[in-house]
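Listed here are the chains, written in short residue letters.
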Amino acid sequence: MAKNTFTLTDNRNGKSYEYDVLDGTRGPSVVDIRSFYKDSGMFTYDPGYTSTASCESKITFIDGENSELKYRGYDIADLAGKKSFLDVCFLLMRGELPTKEESQNFDLEIRHRSFLHEGIVKIFDAFPNHAHPMATLGSATMALATFYAEHLTLETEDDYKEMRRRIIAKIPTIAAMSYRNSIGVPPIYPDVDRYFTENFLYMLRAYPGGKMKNLGNGLSAEIKQIEVDALDAIFTLHADHEQNASTTTVRNVASTDAHPYVAIASGIAALWGASHGGANEKVMDQLKLIGDVKNVDMYIAKAKDKNDPFRLMGFGHRVYKSRDPRAEALKGLQDKLREELNLDSKLLDIAAAVEKAALSDEYFIKRGLYPNIDFYSGVILTALKIPVEMFTPIFVIGRTVGWITQWSELKQDPTSKIARPRQLYTGK
Ligand code: ACO
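Values in this document were obtained by computation on a predicted structure and should not be read as measured data.

Attention now goes to the pattern of salt bridges. Counting across every chain of the model gives 24 salt bridges. Among the salt bridges present, the one from Asp20 reaches Lys3, with a minimum N-O distance of 3.1 Å. Taken as a pair, Asp20 in strand 2 (residues 15–22) and Lys3 in the segment before strand 1 (5–10) lie far apart in primary sequence, 17 residues in all. The partner of Arg164 in a salt bridge is Glu157, and the shortest N-O contact between them spans 2.7 Å.

This part covers the packing of aromatic side chains. When we look at a pair of aromatic rings, we describe it by the centre distance and by the angle of the planes. Counted according to the given criterion, the structure contains 16 aromatic pairs. Between Phe85 and Phe196, the aromatic rings sit 5.4 Å apart at their centres with planes inclined by 40°, giving tilted as the arrangement. Of this pair, Phe85 sits in helix 2 (residues 85–94) while Phe196 sits in helix 7 (residues 196–205), placing them 111 residues apart in sequence. Among the residues examined, Phe85 registers a relative accessible area of 0% and is labelled buried.

With antiparallel pairing, 3 strands are arranged side by side in an open sheet as 1-2-3. A strand with exactly one partner marks an edge of an open sheet, and here the two such strands are strand 1 and strand 3 (30–31). Relative to strand 2, strand 1 runs antiparallel, the two being bridged by 6 bridges. Paired with Asp10 across the two strands is Lys15, which belongs to strand 2.

Attention now goes to the pairing of strand 2. Linking strand 1 to strand 2, which pair antiparallel, is a turn of 4 residues; within it Gly14 sits at a positive phi near 75°. Of the pairings in the sheet, the one linking strand 2 to strand 3 comprises 2 bridges and is antiparallel in character. Residue pairing for strand 3: Leu22 is matched across the bridge by Val30.

Glancing now at the environment of Leu69. Mapped onto the secondary structure, Leu69 falls in strand 5 (residues 68–71). Among the residues examined, Leu69 registers a relative accessible area of 1% and is labelled buried. Put simply, Leu69 and Pro325 are 256 residues apart on the chain and 6.8 Å apart in space, counted from C-alpha to C-alpha.

Here we take up empty space enclosed by the protein. Following the criterion strictly, the structure yields 2 cavities of 30 Å³ or more and no others. Along the walls of the largest cavity sit Ile110, Arg111, Ser114, Ala169, Pro172, Thr173, Arg194, Tyr195, Phe196, Asn199 and Met203, which together make up its complete lining. Elements that contribute at least two residues to the lining of the largest cavity include exactly helix 3 (100–112), helix 6 (157–182) and helix 7. A breakdown of the residues in the lining of the largest cavity according to their chemical character gives 6 nonpolar, 3 polar and 2 charged. Considered as a void within the structure, the second largest cavity measures approximately 30 Å³ in volume.

Now for the site of the ligand. In the vicinity of the ligand there are 21 residues, among which Lys306, Arg311, Leu312, Gly314 and Arg318 approach most closely. One of the backbone N or O atoms of Ser275 is found 3.1 Å from a nitrogen atom in the ligand. One nitrogen or oxygen atom from the main chain of Leu312 is found 2.7 Å from a nitrogen atom belonging to the ligand. In terms of residue class, the shell around the ligand is built from 10 nonpolar, 6 polar and 5 charged.

What follows concerns helix 3. Counted at 1.5 Å a residue, the expected span for helix 3 with its 13 residues is 18 Å, and the 19 Å between its end C-alpha atoms agrees. If you check which residues of helix 3 are buried, you get Ser103, Phe106, Asp107, Ile110 and Arg111. Along helix 3, the residues classed as buried sweep out an arc of 135° about the axis, all on the same side. Where the residues of helix 3 are buried, they touch helix 2, helix 6 and helix 7.

What counts, and where the lines are drawn
Residues numbered from 1 in each chain as written. Predicted model: local features only at pLDDT ≥ 70, side-chain atom pairs only at ≥ 80, totals over all residues. Heavy atoms only, no water. Salt bridge = Lys/Arg side-chain N within 4 Å of Asp/Glu carboxyl O. Helix = DSSP H or I, 4+ residues; strand = E, 2+ residues; numbered from the N terminus. Phe/Tyr/Trp six-rings, centres within 6.5 Å; stacked < 30°, edge-to-face > 60°. Buried < 20%, exposed > 50% of the residue type's maximum accessible area, 1.4 Å probe, protein only. Pairing = 2+ DSSP bridges. 1 Å grid on protein atoms, 1.4 Å probe; cavity = no way out; pocket = protein on both sides within 12 Å on 5 of 7 lines; lining within 4 Å. Points joined across faces, edges and corners; volume = space filled by probe spheres on them. Nonpolar A, V, L, I, M, F, W, Y, C, P; charged D, E, K, R; others polar. Near = heavy atom within 4 Å. Polar contact = N/O pair within 3.5 Å; in protein donor to acceptor, adjacent residues only side chain to side chain. Expected span 1.5 Å × (residues − 1). Arc of directions from axis to C-beta. Contact = heavy atoms within 4.5 Å.

What follows is the structure, given as structure tokens:
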């Protein structure tokens with residue numbers, strides 16, 4: 001069968017350049033312009049990568065027009081709350097859901113790998129109290145590279161497997177210790193008798209010595225199954241999202257042959273920004289700033305005013321120009337939790353009023369601006385008594401599996417090259 005091609009014509013001199021069109025299994029086809037500079041002496045220009053596919057991948061598929069998100073071919077709605085987060089991690093890394101035995105073994109291995117080298121625990125002492133947990137989490141993750149130097153050269157599939165499992169298991173421990181450091185209380189070590197997500201809540205909430213007493217600061221003592229299930233589903237909804245800003249950062253660092261945990265630390269740095277994962281924290285700040293349903297119209301007007309830098313946090317997405325399926329799943333979870341947990345009804349009312357006003361406003365409709373995952377996660381995490389500064393670290397715990405799977409895919413792709421874009425120079 002003849003190849004499909006795409007021709008570009010330089011209208012200055014009439015020269016034409018023909019390129020292959022590559023088809024994926026789903027989604028838009030791509031024009032393979034890798035030889036364009038060699039052929040024409042010109043670069044293509046696409047800051048922000050709005051039309052650029054930066055890699056080939058088999059992990060996650062998004063159809064942003066039809067609100068579709070699939071991990072390894074499985075619809076997100078069939079995974080979140082239906083399979084455990086650890087089973088979803090297994091699926092992302094291995095391409096198939098685990099058997100019952102594989103699932104049990106994986107769970108057990110992650111429990112046992114959740115401990116940190118004592119050297120890492122000591123590092124927390126050097127950070128000031130009140131440091132943002134994202135800063136501490138990123139720094140301590142970078143420091144992991146000093147303890148696992150052997151992961152710089154991975155040869156066999158078993159080497160990759162061990163490296164991936166280690167980071168997935170340790171990130172929640174680092175995140176919980178980062179939080180405890182920020183409020184000046186001693187760390188809690190993991191409890192191997194607890195499942196991944198319950199263990200994270202335990203490390204956040206337990207009293208020194210591991211007792212489940214009230215820690216103050218809004219953290220309640222006991223851990224309810226409904227809380228574990230809700231947070232587990234939240235982790236799954238954050239687990240991967242193809243070539244987003246932080247994943248692209250991880251892949252760029254991976255392309256230079258740096259240590260995998262250094263690449264993960266760079267993903268944490270990229271995720272922290274308010275335009276990306278940091279938005280969940282900002283949504284809560286904004287709902288509190290709005291303060292009352294009667295102020296919603298004023299803030300919607302500010303968001304539409306091009307002379308005002310105010311943006312409605314938790315709205316809009318580069319890929320989703322219709323509903324974000326993750327937000328839809330969280331909305332369902334929110335309704336369920338509303339009945340069973342003490343959700344802040346005032347904040348919920350403000351959130352509902354913001355959503356209603358935005359979704360019926362021409363400005364938002366015309367630009368395809370819908371609530372994204374961060375719009376709903378904040379209210380739910382608050383009901384789970386997660387402190388607001390831990391919202392983005394929770395995103396990190398969910399996304400680590402995506403980052404490390406994408407890292408592995410790039411490293412195991414023999415055609416991958418160092419990421420090195422070009423520029424349009426307009427200086428002196
Ligand atoms: N409030 C008001 N206007 C907005 C918003 C918003 N939240 N988001 C986009 N717009 C407007 C822009 O001003 C622009 O208008 P224009 O066409 O008149 O210039 C138009 O919609 C397109 O916006 P861009 O910024 O060009 O879209 P882009 O794809 O580059 O940005 C982004 C996407 C960064 C998510 C943006 O929508 C935003 O800043 N949202 C708020 C922050 C947020 O919620 N981030 C979380 C995203 S989800 C995630 O990372 C997990």
